[in-house]
Structure formats: structure tokens, C-alpha cells
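Overview (structure and organization)
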Amino acid sequence: MRTLRIRSFTILLFFFLMLVPWIFYVTTHFIETKTLSFAKNGAQAEILQGQWIEKIVQLIETNSDNWRDPNWQNQLHHELQQAKMEAAILSASDQEIYRSNPQSHGILPSTERFSIIEDGHLLGKVIIYLPKSNAAKFISIFTGLLLAFFIVGVEMRRFLLKPLEKMSFAARKIAAGDWDVELPRSYITEISEVRDAFEVMVNGMQKAFQIQAELEEERRFVITAVAHDLRTPLFALRGYLDGLEQGIAQSPDKITKYLAVCKEKSAQLDRLVEDLFTFTKMEHVQMDLHNQKIDFKLIILKSIDSLSPLARQKNISISTHIEDDCFINGDVHLLERAMNNLLDNAVRHTPSYGEIVVQCYKEGNKIKFMIRDTGPGFSSEELHRVFEPLYRGEASRNRSTGGSGLGLTISQRIVRLHGGELSAGNHSEGGALLTGWISVAAP
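Note that the structure is a prediction, hence the values are computed from the model and not measured.

1. Quick word on the UniProt feature "transmembrane region" (unreviewed entry) in the protein
Following the UniProt record, the feature "transmembrane region" (unreviewed entry) maps to residues 12–31 and 135–154 here. Secondary structure within residues 12–31 divides into 100% helix and 0% strand; the distance between the first and last C-alpha atoms comes to 28 Å. Across residues 135–154, the secondary structure splits into 100% helix and 0% strand, with the terminal C-alpha atoms separated by 29 Å.

Here it is, written out as C-alpha cells:
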């Protein structure tokens, strides 16, 4: 839609204000004179008027004896009508002898006065009332000006005031929580720009409102999930501690079993709190990376060593295919945390006597890594939500197969924090497949 600058719009309105009265004036002049010429006809009108005045004065002067004669007065009246004038004849003592129109003094104020003198004696006075020839033109100009002001007012309301009023109404609707508003369009550039900016603001506010609603929903979910995850080990821990306190576990083997369960549950609580702390720190706090040049191979091997005892308990074999020269720039602590989470996830989901394969190699300017297990793999729903905070595939959130639901989320964010990417999938031969990459260290 083409628009017009407000200064151009103002100039057009001003031009219109000047044009309409002029059109009315020209039209009236054409109706009166049957021509569009002004200077020539004005001079001709003055000459013609002077001729009529001279003729009428001569008629009155040569017929001083007939001033009171009705027939002669009729003749004079006829001449005055042709000249579109009025006249009055006064005696030497200013007594009125003849007046063609008793109202002429009020209607035709423009006059010419003559004195009639014969043989040195004042016979009388003649007053010629000239026609008010410009009255119609002045009226037409005034009428055109009024019409122009009316049209300008209507157009200003249409192009300026109406859009602003609609935007004001839309702003009040948005303030009341109604986002379904239609912003008016305008042919004025400045108002159109304000409208576009207002629309951008509304869209931004709507998106922010939606994000806020989603965050609020996520907050409720996190609180519910954390409460559930804390309640389960706490309930078990309290039960076994009550058993120990009440003397239910009397034999050394049973006491050892109770203490092992309590230790396991406290370790789950410790891990959950640590995961929540790390997740919250990465989500809401700007983390400062302690970047240094490190060998990614050593990080992977260290993580494998830390998970080996758990893997041996399930008779899971871990095979590695790791190349040398896998140097990257990064934070050692965070990268170890990421790899620990990935390997822990693989060990927990791999059945007994299964296998985990870990690969790391250099490809171009990237260090790529892969962790594959022989577990059940990811379902289609899990593939879309596996990196969501606190999401776990099993609806019951049973800790015998799952962790806190934050491990993969934390790992992905750590990799992304180092400028890389982590993705999840299923291997063609079965089992889950986690692949990622981080840029090679700068020389």
C-alpha cells in the first residue's frame, strides 16, 4: 500500500483550501460575464458603467423641468433598470424629488454624486447608486472556503484521527488481555510506521506472554517431578532407618542390607540435588568456562574408568575405538560431567551381559564422538523429548531403570556451551546411539 508523508498531506490540504474558493470565484465570474477573462472584462465593465452614468446624468440635467413628471420618471426608471443602477434627485434644499428605489440606500452603498447648475444657480443634486457587482463573487469565495474547510476536516479525521483512535482502542483491548485485535491501516506514512511498530510490539508481547505461560507450566512440572523424585528415596530411607531404630533388623546380614539400602538412597538424593544444581546453574546463571587445551581422549577414558564398577556389576563390556590427537578447547570439569552422564545413561539402560561401544575420532575441524549400547533404544516419542528437562520414558519414573531425567539435558547443554552439538537416535542393529561433536582446538 502506497503511503503519503504527513507534510505532503498537509501541503495538499492547504492547496485544496486555496483551490476550492478560487473555483467558486471563477464559476461565479463565468456565470456573470460568460467569459473566463478577468482584466479585460473588468476594464470594459468600468467603461460601460461610466457611459451609463454619463447618459443618466445627461438625461436628468436636460430635463430639469420634468423631474416631477411621472411619465418622465418612468422613462428614467427604465434607463436605470437597463444600467442596473438606482438614482435619487434632490432639490437645492436637499428635499427629495425622486428616488427610483426607497431601499437603494441600504442595499447599494456605492454612490456617485452630481450637482445640476444652470446660469450659476443650483437646481438640484443627483445621487447615482452603483450596483454591488462583486457581492456574488465574495459570497462564492466564502462558500467555497467553508466547503473546503469541511472537506479538509472530514479527510483529516479519516486519514489521521480515525487510525489513531483505533490504535488507542486496540491498546486498551491488549491491556485487558485480548490479543485478537485488528490494527487499522493508514495512507499516511508516519501513522503507517507507527502501526507497523505497534504490530511488532503486540506480536512480541504475545510471544513473550506465551513463553511466560510455557515457563510457568514447565515450572509446575519441575516442582512436581522434583517432589516425586525426592519423595521416593526419602520414603524408602525413612522406612529402613525406622527399621534399624526399632530393632527389626537384628542379624548382622540384615543390618548390613538395611545400611546398604540407606546408603544407596542417600546417594540417589545426593545425585538428584547435584543434577538440579547443575541444571539450574546452566539454565539461569551465565557460566564462565575455564577454557584450556585438553585431550578429549583422556576425558572419555576417565569417564569409562569411573563407570566401570557399575558396568562390571551387570557384566557389561565396554569397547573403545578412540583415535589420538583429539584436542579441543574446553572446561575439563564440565566435559567430564557430560561424558559421565552419557555413559551412565548407557550403563543403566543396557541389560546384563550387554555391550557399550565408545568411539572418538577427528573429522575435518571437528572432534566427533559416539556412544552406542545394546539396550532397548529410544521410542519415537522419546526421540523428540529425550533432551527435555526431567523427561523420562517410563511414566512411573521408576528409578530402577532411570535417573533424574536431567543427565542428557545437562550433557547437551554442556556440549552446546562448547560450540558443539549432541543428538540422540537408534542404531541400525538395535540400541540407543548418542552422537556429538566439538570443534578442534585452535593451534
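2. So, the packing of aromatic side chains
Enumeration over the complete set of coordinates arrives at five aromatic pairs. Ring centres of Phe-296 and Phe-369 lie 5.4 Å apart, and the angle between their planes is 50 degrees; this geometry places the pair in the tilted category. One end of the pair, Phe-296, is in helix α8 (residues 296–313); the other, Phe-369, is in strand β9 (residues 366–373), and 73 residues separate them in sequence. Given the relative accessible area of 3%, Phe-369 is considered buried. The aromatic ring of Phe-327 is capped on one face by Lys-293, whose charged end is 5.6 Å from the ring centroid.

3. Let's talk about the pairing of strand β10 (residues 421–426)
In terms of strand pairing, β10 meets strand β11 (residues 432–439) through six bridges, oriented antiparallel. Across the sheet, Asn-426 pairs through a bridge with Ala-432, a residue of β11. Hairpin geometry of β10 and β11 is characterised by an intervening segment of five residues between the two adjacent antiparallel strands and by a positive phi of about 105 degrees at Gly-430.

4. With respect to the pairing of strand β1 (residues 86–91)
Looking along a regular strand, one sees side chains alternate from face to face of the sheet. Counting buried positions over the six residues of β1 gives six, a clear majority of the element. Of the pairings in the sheet, the one linking β1 to strand β4 (residues 121–129) comprises six bridges and is antiparallel in character. Opposite Ser-91, over in β4, you have Gly-124 as the bridge partner. Pairing geometry for β1 and strand β2 (residues 96–99), over three bridges, is antiparallel. Within β2, the position partnered with Ile-89 by the bridge is Tyr-98. Count of turn residues in the β1/β2 antiparallel hairpin: four residues, of which Asp-94 carries a positive phi of about 65 degrees.

5. Structural notes on the pattern of salt bridges
The tally for this structure, following the rule as stated, stands at 18 salt bridges. One salt bridge connects Lys-125 with Asp-94, and the closest N-O pair in it is separated by 2.9 Å. You can see Lys-125 sitting in strand β4 and its partner Asp-94 sitting in the loop between β1 and β2, a full 31 residues away along the chain. Residue classification places Asp-94 among the partly exposed positions, given a relative accessible area of 47%. As a salt-bridge pair, Lys-302 and Glu-336 come within 3.1 Å of each other at their nearest N and O atoms. Placement of Lys-302 in helix α8 and of Glu-336 in helix α9 (residues 332–349) is noted, with a sequence separation of 34 residues between them. Classification of Lys-302 as partly exposed rests on a relative accessible area of 48%.

6. Description of the packing of α8 against α9
Direction vectors running N to C along α8 and α9 enclose 40 degrees, while the axes themselves pass 9 Å from each other. By the angle between their axes, α8 is oblique relative to α9. In terms of crossing hand, the pair formed by α8 and α9 is right-handed. On the side of α8, the interface is formed by Phe-296, Ile-299, Ile-300, Lys-302, Ser-303, Ile-304, Ser-306, Leu-307, Leu-310 and Ala-311, while α9 contributes Leu-335, Glu-336, Met-339, Asn-340, Leu-343, Asp-344 and Val-347. Classifying every residue of the contact of α8 with α9 gives 11 nonpolar, three polar and three charged.

Rules and cut-offs
Numbers given for residues are sequential positions, taken from 1 along each chain in its written order. Given that the model is predicted, a residue must reach a pLDDT of at least 70 before its local features are reported, and side-chain atom pairs must reach 80 or more before they are shown or counted; all residues, however, enter totals for whole chains, interfaces and linings. Note that water and hydrogens are dropped before the side-chain values are worked out from all heavy atoms of the structure. UniProt positions are given in the numbering used here, feature names are shortened, and annotations may be inferred rather than shown by experiment. Only DSSP runs of H or I reaching four residues or more are called helices, and only runs of E reaching two or more are called strands; each is numbered from the N terminus. Put simply, two rings from Phe, Tyr or Trp (the six-membered ring, in Trp's case) pair if the centres are within 6.5 Å, and we call them stacked under 30 degrees between planes, edge-to-face over 60, tilted for the rest. The cut-offs for exposure are 20% and 50% of the maximum accessible area for each residue type, with area from a 1.4 Å probe on protein chains only; residues under the lower value are buried, those over the upper are exposed, and the others partly exposed. Two conditions define a charge sitting above a ring: the NZ of Lys or the CZ of Arg must be within 6 Å of the ring centre, and it must be within 35 degrees of the ring normal. We treat two strands as partners when DSSP finds at least two bridges between them. Any carboxyl oxygen of Asp or Glu that lies within 4 Å of a side-chain nitrogen of Lys or Arg is treated as forming a salt bridge with it. Lines fitted to C-alpha atoms define the axes here, with helix axes fitted over just the stretch in contact, and angles between the N-to-C directions of these axes take values from 0 to 180 degrees. Angles are sorted into four bins: roughly parallel if under 35 degrees, roughly antiparallel if over 145, roughly perpendicular if 65 to 115, and oblique for all others. Take the far helix as your reference; a near helix turned counterclockwise from it by less than a right angle gives a left-handed crossing, and one turned clockwise gives a right-handed crossing. Contacts between residues were defined by any pair of non-hydrogen atoms, one from each residue, lying within 4.5 Å. All amino acids are sorted into three groups, where Ala, Val, Leu, Ile, Met, Phe, Trp, Tyr, Cys and Pro are nonpolar, Asp, Glu, Lys and Arg are charged, and the leftover types, Gly among them, are polar.

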